Amino acid sequence: MSIRRVPALVLAAALLCCAGCGGGEPDSIVIRIGITVYKGDDTYLSNMTAAFQESADAYCRETGAKVSVTVTDAQESQATQNSQIDRFISLNYDVLCVNMVDRTDAGRVVDKARAADVPVLFFNREPVREDLTSWDKVYYVGSDTRESAELQAGIVLDLWRTDPARLDRNGDGMLQYVMFEGETRHQDTIIRTEVPIQILKDAGIPLERLDGGQANWSRSQAAALAENYFKTYGDAIEVIFCNNDDMALGVADTVERLGLDFRNIVGIDGTPQGLEAVDGGKLLGTVVMDYAAHGDTLFHMSLALAGGGDVNNTAEIREDRSVRIPMSVHIRK
Amino acid sequence: MGKRSLITWLNERFSRGSIRSTMFASFTVSAVVAILLTGATLFARFSAQMDATIEEENQILVDQVNQSLSTYLRDVIRLSDSLSYNVIKNTDMESERLDERMRLLYNTYSDYVENIALFDSAGSLVATAPPARLREGADVRERDWFRRAMERTENIHFGGPTVENLFADDAYRWVIPLSCAVELTRGRETGLGVLLIDLKYQAVSDLFSSVQLSGNGYVYLIDGAGELIYHPARQRIATGLVEETNLDAARRSDGVYTEYRDGQLRSVIVRGVGYTGWKAVGVVSQPGFRLGDSQDILFTVVIFCAFFALLILMNFYLTTKITDPIRLLEESVARLEQSMEGSIYVGGTTETRTLGQAVQKLVDQMRKLTDDIVREHEEKQKSELNALQAQINPHFLYNTLDTIVWMIENEREEDAARAVTALARFFRISLSKGRNIIPVRDELEHVRNYLLIQEMRYKNKFRYEILSEPAVEELSTIKLVVQPIVENAIYHSMDFMDGGDGLIRITARLAEGELQISVEDNGLGMTPQVVEGLLAGSPAAEPRVPGRGSGIGLKNVQDRIRLYFGAQYGVTIDSEPDAGTLVTLHMPTVPFGEMEES
Amino acid sequence: MRRGEKCLLLAVLATLMAALILLLIQSAGGGGAAEVYHVSVLLDAAESDRWKNLRAGMNQAALERNVDLRFIPRYDEGAAQSEILRQEWEGGADGVVVLPTEDLTPVLKEAPDRLAVGILGPRTARGVGDCCIAPDYAGMGRSLAEAAAELGSCTLYVEEGAGQTALELAQAVEAGLAGLGVPCERRTADPADLPPLPEHGALAAVEPELLEAICAVRGTRGRAFGVGTSDTLLRALEEGRVAAMVVQSDYDMGYLAVSQVTEQLTRGKTGDVTLETYTATGENMFRRPMADILFANY
């Protein structure tokens, strides 16, 4: 009898050990992509995520695969974004696309994603290089800011060369400008603020900075700020550089509201609203970020990362693990 | 069954049962009681401690939230002071622009400040950071924060959460307005203005929603009047979907309270927030720690069963080691009692082994003593019987001497000499130097001499023959066994024979592996009853012939044979009335000299 | 081992095994509490800021109940809501919350039993949808009628091809106005191409797009009345262009929708919910509790 009992005891002991452990969850066949944007009403971002969703829908239609895309708005709070990321991870999402509220905090996101083995695609707000290269399933999809600044400068430069009178309203041979800047912490702000000016200076155009301020990418803030500037400087302003289209549109709003005749406003983004404004003559020109390509690239990279495919086939990835979307200039014909 | 008899019954079963069951029962009961008691007390203590710890932790968490909020508020107050005294107070608005300097400060605090705006006493916007426009038709003079700031100019006023709609912004945002009166300088005039700092409501809600109290606990924030500033279910409270006891909490001072709501006990932790008169309230449902889960219960069952099974097995092992040897010991003793056979079991624990050995020793001694007694008894018997046998029959002597005298008187000297010689030989062998075992040769000689004498006396009444195989002559026999038989035969049979037909034949031979000496006569014979009686030795069966016979009888012979040689030997009588008698002595074939005397 | 002991040991071991197996089954089966439900939400134009509060409520409920919520952001031109619904349950959704833009009865009849269906709207037919969360339309209509009655007369605008909800509301408004003795005329209108509006009397619209279009027209200040909100309408209400709006708590609607659907998935049964309605005006919209209801998302 005791011989027979021994295996039963062993079995019981083994099962007892397993009692504490839990089981796993069955895998689903749906690919889940979680996107978190830093601000829900940023025009460029909403256009871009719309393009992402369209690419996803097209893909589903073509291949019959099931892709679930969830977009959340971090409402400019890193804490909110962190909890959204935690939630995606806990719901077993396959890949995350993160538009960091605070780009210096990306390290924490990478750590979390790495612990859960969920690939992360940062977009539009670039983390520092050390964070991007800390894990091999981290990528960044965004614009080449320098190029966009160069293109913006190009718009003004071309006009100066072809029709300087339109720019130099007071005919003093100098270009008086006002600069509307984006957020202080954004990498794009610095570059888009300095580079166009530098290029114009290097091209030999004498520049005079009348004023400048931060409108934090916001249309309404730019509008308010513009009102101040117009009240203060009036006609002395010859050209207004805006780091993005929304701010340019804000300036245009003020122009319209004040009943002024001022069109020398340049922006960067190429949002539909911006393009419409350019075509309508309210803006001088803008640099078009191919947000559709942005969204599409982001989608296909997400798909590759989620499904275990080779992400290098989906886009041109640079050495610093970033993908830069193409851009072009759009001016009124 | 009354309580009394239950106890008695239990007691009985307990003490009278076998060692094994008693051990098992007491062992199990005590172990189970121990487990239960330990488990229960540990659990009670543990859960009480856990509850206390959890409650403490919850209080600490609420304190932490309170601290963080106070820090925010202090920062904002500092911001307000900084603006009031460093930026606004000494700036002549005519000549300088406040916007830039406000913007600097705003950038530092932009994490939790939505807007900063400065208004003069007429309600027009002086400066703002970040850049913003007032909405058309917005009159700040009607606003609470404006009025309160103007009424009590020395204080900083915190308002309740509101949707900010002052600015021409696209979105409606929740803010907590902070306002205070400031001194504006325009040229040479100074006047009152109002500084408005809109705190991001989100900063407060992020802070509070990130707190995890135990279970489904949460923290909410109320102002001095009990109105909710932040609550995780604020929207649902507004529509009445959820209820909260915030008004009660407003009345309470700092501390921990228990309240009963929705069928549950809750712990309410109230902490006042400095300066503002707000209160942070933590709500935790009690009990904090419990084994409610079915998983926990199952786990407890598993542990308990495993323990219990282990207990049983241990008990089995122990009892086997201890009680089985005792049982075997007991069984061997019982066996011994019955049959006196077998040995005592020695084994098991030291005590049991000692016991077994002691009992074994006792048993050995007892056996030895018994054997001694038996042997002594035998000795005694032998001596008695031998003594009896050795008695000289006086009648035979008288009669023979008489016969000898007659012979001498009748000048039959040769017969007399022959008779005397025979008598002498007869008595010599009777004595045999005190030995009891003699060769068959001598015994036959003894009986020959006897017969010689008796033949002279009973002239021509009978004949006799003595036949022996040479092989038997050197075997051992007890002395004086044949003669009594022959004596019986003469006195009971020959005496009644006429004309000399009587024959007594004595034969000594080996048969059936025994030494058989038989005395055959053709006399009267005996009935079976008499035969029985003879062997039994009852006096009724053997009519004492007065003056005749040695008086010792068959029984003595049989007894002696059996005593010396064992019960399987002895005397057999074959007789029928009028057919004669055959008496056979059965003895073992022991060569003379090999037999011990005693 | 004696028989009694053997029996006892076997009994104890049997209990042990049973408990262990149960324990293993429980923990291996996901432990019950860790179950994640996938619920898809089909609105009519989910990106629009009209549904900010609804989404906030839904997200809160999803957070509390460990539900993975998926908002179907846009439909292809021409793809019917029924088609999308079908795609969702075939795609493995456990439950759906639908704001019907068309008659979904046929497709819902085909839906598998395990699918929990929550409808943000009135109950159209028995057995269609596991739970319907909707305001009391009759009450809404009455409140709107009461608000509009002050102006003496009312023109009620309804879109071409209006949905069930809109028609029900329209009827309720008319009934209410009739009950108050206020004349009411119903007209159809297209928000993109409004006909000329009457000079006097209340202008009521039961669909937010229509109302937005109406209050954008000059001369309608203080005469527009409607149902439901959006950011534009809130702005209009604040500025006084819209006189009053009858609303339900979208946050509650979203919260209850997800709660009820989850309840259906966990417990197998649930019920309809009727929401309260409130009248929002320029005066009370920033005061609590109306502010909490109108601006539920923060």
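Residues numbered from 1 in each chain as written. Chains lettered and ligands numbered in written order. Predicted model: local features only at pLDDT ≥ 70, side-chain atom pairs only at ≥ 80, totals over all residues.

Peer 1: Explanation requested: the overall build of chain C in the structure shown.
Peer 2: If you tally the helices and strands in chain C, you get 10 helices and 12 strands. Buried residues in chain C amount to 47% of all 298 residues. Contacts spanning at least 24 positions in sequence make up 63% of the contacts within chain C whose residues lie at least 6 apart. (Helix = DSSP H or I, 4+ residues; strand = E, 2+ residues; numbered from the N terminus. Buried ≥ 20, exposed ≤ 12 C-beta atoms within 10 Å, placed from the backbone. Contact = placed C-beta atoms within 7 Å.)

Peer 1: Looking at this structure, I do not really get the overall build of chain B. What am I missing?
Peer 2: Of the regular secondary structure elements, chain B holds 15 helices and 18 strands. A buried classification covers 35% of the 598 residues belonging to chain B. Sequence-distant contacts in chain B: of pairs separated by 6 or more residues, those separated by 24 or more amount to 63%.

Peer 1: Whenever I open this one, the pairing of strand β7 (residues 207-214) of chain A confuses me. Can you help?
Peer 2: Working note: regular strand, side chains alternate between the two faces of the sheet. All names here are of chain A. Summarising the sheet, strand β6 (residues 175-181) and β7 pair through seven bridges and their orientation is parallel. Within β7, the position partnered with Y177 by the bridge is R209. You can see the chain leave β6, run along helix α8 (residues 187-202) and come back into β7, and the turn it takes is right-handed. (Pairing = 2+ DSSP bridges. Right-handed = clockwise from strand over helix to strand, strands pointing away.)

Peer 1: For this particular structure, what's the right way to read the confidence of the model for chain B?
Peer 2: Interpretation of this model should avoid reading the predicted coordinates in detail wherever pLDDT is low. All names here are of chain B. Taken over all residues, the pLDDT of chain B has a mean of 83, while the share at 70 or more is 92%. When mean pLDDT is taken per element in chain B, strand β7 (residues 218-222) scores highest with 92 and helix α1 (residues 3-16) scores lowest with 74. Low confidence marks residues 545-551, where pLDDT is under 50. Its contacts with residues over four positions away, or in another chain, come to nine contacts. (pLDDT = per-residue confidence, 0-100.)

Peer 1: When you look at the packing of helix α2 (residues 19-88) of chain B against helix α3 (residues 98-109) of chain B in this model, what are you seeing that I'm missing?
Peer 2: Each pair of packed helices gets described by two things: the angle between the helix axes and the distance between those axes. Residue and element names in this part refer to chain B. Two elements in contact, α2 and α3, have axes separated by 11 Å at closest approach and are oriented at 160°. The orientation of α2 relative to α3 falls into the category roughly antiparallel. Where α2 crosses over α3, the two elements pack in a sense that is right-handed. Taken together, the residues of α3 that come into contact with α2 (itself represented by D75, L79, S82, L83, V87 and I88) are L98, R101, M102, L105 and Y109. Here the contact of α2 with α3 is built from residues that sort into eight nonpolar, one polar and two charged. (Axes fitted to C-alpha atoms, helices over the stretch in contact; angles between N-to-C directions. Parallel < 35°, antiparallel > 145°, perpendicular 65-115°, else oblique. Left-handed = near helix turned anticlockwise from the far one by under 90°. Nonpolar A, V, L, I, M, F, W, Y, C, P; charged D, E, K, R; others polar.)

Peer 1: Any chance you could explain the interface of chain C and chain B here in plain terms?
Peer 2: It is common to give the size of an interface as the accessible area lost on bringing the parts into contact. With 30 residues of chain C in contact, the opposing surface of chain B contributes 26 residues. Mapped onto the side of chain C that touches chain B, the elements with two or more residues apiece are α1 (3-28), α8 (231-239), α9 (250-267) and α10 (290-294) of chain C. No other element matches the 12 residues that α1 of chain C contributes to the side of chain C that touches chain B.

Peer 1: What am I meant to see in the nonpolar core here?
Peer 2: Most often, soluble globular proteins have nonpolar side chains that are buried together. By size, the foremost hydrophobic cluster in this structure holds 194 residues, and its most contacted members are F180 and V251 of chain A together with A204 and V258 of chain C. Excluding anything up to four places from it in sequence, V258 of chain C contacts V39, M58, A61, A62, R65, V67, L69 and V97 of chain C. Membership of the second largest hydrophobic core comes to 53 residues, among which are I31, L45, M301 and A315 of chain A. (Core = buried A, V, L, I, M, F, W, Y, C linked by C-beta atoms within 7 Å.)

Peer 1: Help me understand the sheet that holds strand β3 (residues 95-98) of chain A in this model?
Peer 2: All names here are of chain A. With parallel pairing, the six strands of this open sheet are ordered in space as β2-β1-β3-β4-β5-β11. On the outer flanks of this sheet lie β2 (67-73) and β11 (322-325), each paired with one strand and no other. Strand-to-strand twist in this sheet, taken as the mean axis angle between neighbours without regard to direction, amounts to 20°. Pairing of strand β1 (residues 31-37) with β3, which is carried by four bridges, proceeds in the parallel orientation. In the sheet register, I33 faces β3, and the bridge partner there is V95. Contacts from helix α2 (residues 43-63) reach β1 and β2, with the element oriented near 170° to β2. Contacts from helix α3 (residues 78-90) reach β1, β2 and β3 within the one sheet, and its direction differs from that of β1 by about 180°.

Peer 1: What exactly am I supposed to notice about the pairing of strand β2 (residues 125-129) of chain B here?
Peer 2: All names here are of chain B. For strand β1 (residues 113-120) and β2, the ladder comprises four bridges, and the chain directions are antiparallel. Bridging from a neighbouring strand, L118 pairs with A127 of β2. Connecting β1 to the next strand, β2, in antiparallel fashion are four residues, including G123 with a positive phi near 90°.

Peer 1: Sorry if this is basic, but what is going on with the sheet that holds strand β10 (residues 264-272) of chain B here?
Peer 2: Consider a sheet: its strands pair through backbone hydrogen bonds, and that pairing is either parallel or antiparallel. Residues and elements named next belong to chain B. Taken together, the five strands give an open sheet; going across it, the order is β8-β7-β11-β10-β9, and neighbouring strands pair in antiparallel fashion. For this open sheet the edge positions go to β8 (228-230) and β9 (255-261), each flanked by a neighbour on one side alone. The mean angle between the axes of side-by-side strands here comes to 35°, regardless of whether they run parallel or antiparallel. Direction of pairing for β9 relative to β10: antiparallel, over a ladder of seven bridges. Bridging from a neighbouring strand, E259 pairs with R266 of β10. Running at roughly 155° to strand β11 (residues 279-285), α2 makes contact with β7, β9, β10 and β11 of the sheet. Of the strands in this sheet, β7 and β8 touch helix α5 (residues 201-209), which is tilted by about 145° from β7.

Peer 1: Quick question: what am I supposed to make of α5 of chain B here?
Peer 2: In an α-helix there are 3.6 residues to a turn, and that puts residues three or four apart on one side. Counting buried positions along α5 of chain B yields eight of nine residues, so the element is predominantly enclosed. All buried positions along α5 of chain B are accounted for by Y201, Q202, A203, V204, S205, D206, L207 and F208 of chain B. Residues of α5 of chain B that are buried make contact with α3 of chain A together with α2, β5 (173-186), β6 (189-200), β7 and β8 of chain B.

Peer 1: Any chance you could explain unusual backbone geometry here in plain terms?
Peer 2: The general pattern is negative phi for most residues beyond glycine and trans for most peptide bonds. A cis geometry characterises the amide bond from A129 of chain B onward to P130 of chain B, with omega recorded as -5°. Following the sequence through the fold, P130 of chain B ends up in the loop between β2 and α4 (144-151). Following R288 of chain C, the chain continues into P289 of chain C via a peptide bond in cis, with omega recorded as 10°. Relative to the elements of secondary structure, P289 of chain C occurs in the loop between β12 (277-281) and α10. You will see that D117 of chain A, though not glycine, has its phi angle at about 55°, which is positive. Inspection of the secondary structure assignment puts D117 of chain A in the loop between α4 (106-116) and β4 (120-123). Phi angles above zero are rare outside glycine, and N124 of chain A is one such case at about 70°.

Peer 1: What am I meant to see in the packing of helix α11 (residues 413-431) of chain B against helix α12 (residues 440-457) of chain B here?
Peer 2: Residues and elements named next belong to chain B. At a minimum axis separation of 9 Å, α11 and α12 run at an interaxial angle of 145°. Where α11 crosses over α12, the handedness of that crossing is left-handed. Where α11 approaches α12, its residues D415, A419, A422, L423, R425, F426, I429 and S430 are matched on the opposing element by D442, E445, H446, N449, Y450, L452, I453 and M456. When the residues that make up the contact of α11 with α12 are grouped by side-chain class, the tally is nine nonpolar, three polar and four charged.

Peer 1: Whenever I open this one, the environment of V329 of chain A confuses me. Can you help?
Peer 2: Residue and element names in this part refer to chain A. Here V329 lies in strand β12 (residues 327-331). Remark: the alpha-carbon pair of V329 and M289, spanning 40 residues in sequence, is separated by 8.8 Å. In this view, V329 contacts L151, G154, I155, G285 and V287; residues no more than four positions away in its chain are not counted.

Peer 1: How should the environment of D320 of chain A be read in this particular structure?
Peer 2: All names here are of chain A. Note on placement: D320 falls in the loop between α12 (291-307) and β11. Note: C-alpha distance between D320 and Y139 (181 residues apart in sequence) is 8.5 Å. Contacts of D320, omitting those with residues within four sequence positions, involve R129 and L132.

Peer 1: Before we go on, may I ask you to explain the confidence of the model for chain C in this structure?
Peer 2: All names here are of chain C. Looking at chain C, the pLDDT average stands at 82 and 92% of residues meet or exceed 70. Per-element averaging of pLDDT across chain C places helix α3 (residues 81-90) at the bottom with 80 and α9 at the top with 90. For this predicted complex, the interface confidence score (ipTM) comes to 0.82, while the overall pTM stands at 0.69.

Peer 1: Is there a simple way to explain α2 of chain A in this structure?
Peer 2: All names here are of chain A. When the terminal C-alpha atoms of α2 are compared, their 30 Å separation across 21 residues agrees well with the 30 Å that a helix rising 1.5 Å per residue should span. Of all the residues in α2, the buried ones are Y44, L45, N47, M48, T49, A51, F52, Q53, S55 and A56. Close packing links the buried residues of α2 with β1, β2, β9 (265-269), α11 (272-279) and α12. Of the residues one or two after α2, G64 is the one with positive phi, at around 75°. (Expected span 1.5 Å × (residues − 1).)

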